[in-house]
Structures are given as C-alpha cells and as structure tokens.
2 protein chains.
Amino acid sequence: MGDLEVRQLRYFVAVAEELHFGRAAARLDMAQPPLSRAIRALERQLDTTLFERTTRQVALTPAGEVLLRDARTALEAVTAAAHRAHQAGRTAPRLRIALKADLDGGLLPRILDAYAAEAAALPPELVLGGYGEQPQALRDGRADVALLQLPCDDRGLDSEPLLTETTLVALAATDPLAARTALHPDDLSGRELPDGAPADGLRPARPSSLRPTAARRASNLSEILSLVETGSIVFFAPASLARRHPRPGIAYRPVHGLPDSTLAVAWPQDARSPAVAAFVRAACTTAAATPAPAHRTAPHRPAAS
Amino acid sequence: MGDLEVRQLRYFVAVAEELHFGRAAARLDMAQPPLSRAIRALERQLDTTLFERTTRQVALTPAGEVLLRDARTALEAVTAAAHRAHQAGRTAPRLRIALKADLDGGLLPRILDAYAAEAAALPPELVLGGYGEQPQALRDGRADVALLQLPCDDRGLDSEPLLTETTLVALAATDPLAARTALHPDDLSGRELPDGAPADGLRPARPSSLRPTAARRASNLSEILSLVETGSIVFFAPASLARRHPRPGIAYRPVHGLPDSTLAVAWPQDARSPAVAAFVRAACTTAAATPAPAHRTAPHRPAAS
DNA sequence: ATCACCCATACCGCCAGGGTATCAATGCCG
DNA sequence: CGGCATTGATACCCTGGCGGTATGGGTGAT
C-alpha cells in the first residue's frame, strides 16, 4: 500500500466535512470531477469504502469516520512541521504565545514580567485567536505555548492549571433577569451566544435551546459587549473579565450550576524548547503568588450592575 | 507558504538521516539530482536553511533538527491514518496487539482470556516486533494496543504499568562471572548485547563500553539464548523470562543497580475504540489479580545456574 | 413525465518531478 | 604542487499524474 499524500488527505477532509463533492471542490478551488476521481483512487489505495454515495446523498462510512479523525491530526502534524521549521529558521526566534484577548485573567502582564527574568527567555510574540483556537494553534505549530480555558480538546497537549474562577453571564442591564442576583441555566433558554462561542466548554450546563450562532458576527470583546448592551446576545465570562470590563449597561450574574472557568498554560506534549519551559515556570509561579481571593470572586457579589 | 507534501518530508528525513545526498537517493530508490533539487525547493518554501553543505560534508542546521523531529512524527501520523482507515474498513475488524515475544511476563494468555470475556472484545491479532518497536507500531497505526517495557518513547501514547520485575543478565554458565551470585554493571564492561537491544532503557546503568551491536544478527529469543550459551553475548531479561526459559547452559544473575523492568499496557492517546478500552481493562485486572510474589522474583535467587 | 441536481466517465493538455549528462568545488595523495 | 576521486549543483529532456471541460446517467421532487 503506497504512502498517502497530503493532497489526498486535504481532499478527503473537505468532502467529509461538506458531504458534497461539488461544494468540497469549490472549497478546494478545483473542479468536481478530479475530486471525485481522487477520492475513488484513495478508496482503492486503502482498499476501503470511505463514503456511501447516492446521487442525492453522501455519507461517511465507519472507516471514513476513523480516517476523518486521523487525517485531521495528520494534517495538523504536517503543518506543524512546516511552521516550526520556518520559525526555527528565523534569525531572531521568538516565543509565540497563543491566547484569547481579555481571557487571560489579568495575569498576562505579570507572567510576561516573570518570564522576561528567566535566562532562557526569547522575546515573546502574542498570537491572538478566537474561542478554542488555542489548542489547534499549538498542534499546528502556529504557537509554542498558550493560555487557554479548560476543559478543551487537549489531544497532544500538556497543560497546567493556573487559576479557577466563577463563570458569570453578561446580560443587558435592562434585561428582566438582571434584576435577580442569581440565575438558573434554564432562565437563559432561547438567548443567543456570540458567534463562535465556547459551546463545547459549556455544553454540560447549557440548555440546548441556547444557540451559539448570533445574528451578527463579533470578533473582539468590545463588539461582543456592545451586542450584550443592546440585549442581542448573552455572553459567558470568567469573573476576572467581568471585574476588568465593568459597563453601566451590562450586568454580570452568576448562574447556578455553571461549571467554573479554569485558566491554564498549555504546550505541545513533545515540546523541548527551554523557552517554553521558562514560560510555563513563570506562569505557574505567577499564578501561585497571586492572592487567590482576588481572583476567586465570590458568586454572590456580581462585579457590576 | 504552501502546504508541505509527504514526499518532501520523506526526502528530507532520508537526507537528514544519511547526511549524504547520494546514499539518501539510493535509499529512496531515485537519482541524486532530483533529490538535491527537492531539498533546495523545500528550503525555499520554508524560507530556511536546513542543511549546511560543502561538497565534502552535509550537516543539519538547528532548523533542520527541529524539522527532523517534527517530520518524523508527521510521517507517523500520516501512515497511521492510512493503516487505521484500512483496518477500520476490513469486513472483520480485529484488535491488533503489539508485543515483543517472550517479554510479556507470562501474562498474555490470562490477559487474552479476560479480554475475550469482555462484551466489546474483537478477535485479537498479535503484531510481533523487535525491541522498542511497539511504541512506533502504535503511533503509525500498525497496532491498536501494546504490551511493552517502560520506560520507552511514549510521545502520543498513554500507558498503565502492569508489573515490575527485577532485571537479570543472562550469561553463559561457563562464564567466570556466573560463579558469583550478584554482579556490578562494571563487571559487564566490554561484553556485547544482541543486535537491536534496548540500549535506551538500560542506558542509565549500562557502562558505555557495553556495545548494543552483536557480530551476528539474532531476531528471536532462541537465537539470542544460543548466542548467550556460546558466550558470544550477554543479554538483559526480566525475571519472568528467566523463569520461563531456564537452560542448563545459561546463568541468570542480578546486577546491582540495574533498573527494574516494568511491563505496561499502552495505547494511542486519542484511541476511542471500546475494544482497546476492554483490553486495557482486562490487562490491568489480570495484573492486579496475579499474586505479586510469583512475579517479583527476589533478586537473590537467580532462576537457573 | 419532466426537470434539476449531482456524482461518474471520457478525453485532453500541461507541468511537476524524475532521469541522464555534466560541471564545479573540495580534500587527498603522490 | 598537480592530478584524481568524491560529491553536490546545474542544464536539459521527457514522461505520467493531475486537473480541466464536456457529457452521461441515476434519483428525487413537483
């Protein structure tokens, strides 16, 4: 059985995600016939049926499900090799730190100070990304280390928790629910979350009627908070964020039974760089040295109203 | 920066391992010029120098070292995708168990019995491999689960230790050292180990003068034991193996300070198959149910003489 | 029954990538 | 110090794999 090629995996993943040869071909910027042929060739090569296709429907077989999972991680590993080699070849290497802006619990400046004092420190470079993109940034080599929320998809990663805070929900101050001091998850039924919100992390406590798709796309925190102020969406945030972004038009309220939000430092499992080790050390000591009460805001005292 | 292709990674790894374009080309079954061009193109694509080359010498740059490591894991991930998809597409899927013959501590039959009783069990299929090939077999998808010795290169793997035994050294009965009841690592200085022996696992206690290359290639245990009997080599083995393969011509002796040999069950970190879980469960309960004294042979009572 | 949709097949053209021949730089040795 | 062997780089050619266009054929909806 000859070796697979990256192109074949990309094609397969596109079709498996779209479940439609035409759309997948468009996404790959190619015509549909060569794509169909390539998938057929792949199936012959693996001696396996990957798709159950009729002229009206395309579905993954069990073998296809397996390949989808493994193909994604293989593609991540390949692009990681490219990114890391490119990075290692730069004349001035840097430590690329992935994080979601405003979700660092206010620790970032102190962590960076402690990190800068380490002997093995390289100049830091922030890699900003949306909700839940940090793990993938580590896996595909765009970043060397990350600050992220647990739990997350940690395949191939190691992590160390830094601090745990209460998760609050941000509501418009005019919202009827803002009059109450604490909420139940069911109270939020039917509300909308910002686009790309962490549906995964909150799934256990989130009623299914809470949709993670907002009418309008909001990429940064101010846009999201503006949408909250107008009552278009609600938004889950760790207590530290609530404390650092008080707004008159927004009320932060605890939700009964909502899982805590844990900030962690994470890195690729096979990382060997001393700069990564230095950053992890800096992050852990900074978190340990930070007075816990200031960060574990008690749920009965919402930060703004 | 365009995506890398598997072919480029294979070429790079070959050159990085051979540090010689001609030999690498021969290994890849191609001519040297296209290989040189491909590597140059790769360097342009990554905007990085991977090799420092003169006409007489080829050396890896730091970026090249990074890429070598990542390229190997990426290639493993790609072949894993192929192997697992192929396996998942078989009409009669099986659980592929990797192990080194005769190093299972005698637990295998009982583990297989316990496993067969599990509801999620698939028919087992043994994948035999040499020393230390088990981790790679898991990573590249040739096996679903493995019995192996710790410590090992466990990147991407999870493992659960099953039992720890004393490590003994096998000597010819006629060897002067066989007259003694216990040895010191330095006593073995200058002896040869069988080809492909676990130099890594024993490195801490092994004097550097102990060479892991034998004059003759020996693939299976009987061949190795024959070489031991003739005094050609010495051989490290867990106590259970010594107990199960007593030979008049061979003396097993404890070595002071030699690390214990730990048998573990291991599996790919992202494994989701219920059959793997069933096997791990079976292995752990079997090991727990096995009377410890029978397996933790006391070092002061060598099994044969 | 017709139509629209969508995957498969047939056929064509291009260029990426491999082969051969050769050059050029380097270290060895007489 | 000058040939010589070694080895990576360059020049040039050619083949086959891959993508494009045109079209077929099967299926579900109205």
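Residues numbered from 1 in each chain as written. Chains lettered and ligands numbered in written order. Predicted model: local features only at pLDDT ≥ 70, side-chain atom pairs only at ≥ 80, totals over all residues. Heavy atoms only, no water.

Under an unreviewed UniProt entry, the name given to chain A is LysR family transcriptional regulator, and the source organism is Kitasatospora phosalacinea. The UniProt entry for chain A carries the following comment under Sequence similarities (unreviewed entry): "Belongs to the LysR transcriptional regulatory family." (UniProt positions renumbered as here; feature names shortened; annotations may be inferred.)

(A) Here's a closer look at the protein's contact with DNA strand D. Every one of the 21 residues lining DNA strand D counts as a neighbour, but Arg7, Tyr11, Ala31 and Arg37 of chain A together with Arg53 of chain B are closest to it. Across the atoms of DNA strand D situated within 4 Å of the protein, the share located in sugar and phosphate is 66%. Arg7 of chain A is positioned with one of its side-chain polar atoms (N or O) 2.8 Å from a phosphate oxygen of DNA strand D. Arg56 of chain B has a polar side-chain atom sitting 2.8 Å from a base oxygen of DNA strand D. Sorting the residues of the surface near DNA strand D by element identifies helix 1 (6-18) and helix 3 (32-46) of chain A together with helix 2 (21-27) and helix 3 (32-46) of chain B as the ones contributing at least two each. Per-element accounting of the surface near DNA strand D gives the leading share, four residues, to helix 3 of chain B. Class assignment for the residues of the surface near DNA strand D results in eight nonpolar, seven polar and six charged. (Near = heavy atom within 4 Å. Polar contact = N/O pair within 3.5 Å; in protein donor to acceptor, adjacent residues only side chain to side chain. Helix = DSSP H or I, 4+ residues; strand = E, 2+ residues; numbered from the N terminus. Nonpolar A, V, L, I, M, F, W, Y, C, P; charged D, E, K, R; others polar.)

(B) Spotlight on empty space enclosed by the protein. Counted by the stated rule, this structure contains four cavities of 30 Å³ or more. Quantified by volume, the largest cavity comes out at close to 690 Å³. Around the largest cavity, the lining is made up of 28 residues, and of these Ala77 and Gly156 of chain A together with Thr73, Ala77 and Gly156 of chain B lie nearest the centre. Counting residues per element, the ones that place at least two in the lining of the largest cavity are helix 4 (62-89) of chain A together with helix 4 (62-88) and helix 6 (134-139) of chain B. Here the residues of the lining of the largest cavity sort into ten nonpolar, six polar and twelve charged. (1 Å grid on protein atoms, 1.4 Å probe; cavity = no way out; pocket = protein on both sides within 12 Å on 5 of 7 lines; lining within 4 Å. Points joined across faces, edges and corners; volume = space filled by probe spheres on them.)

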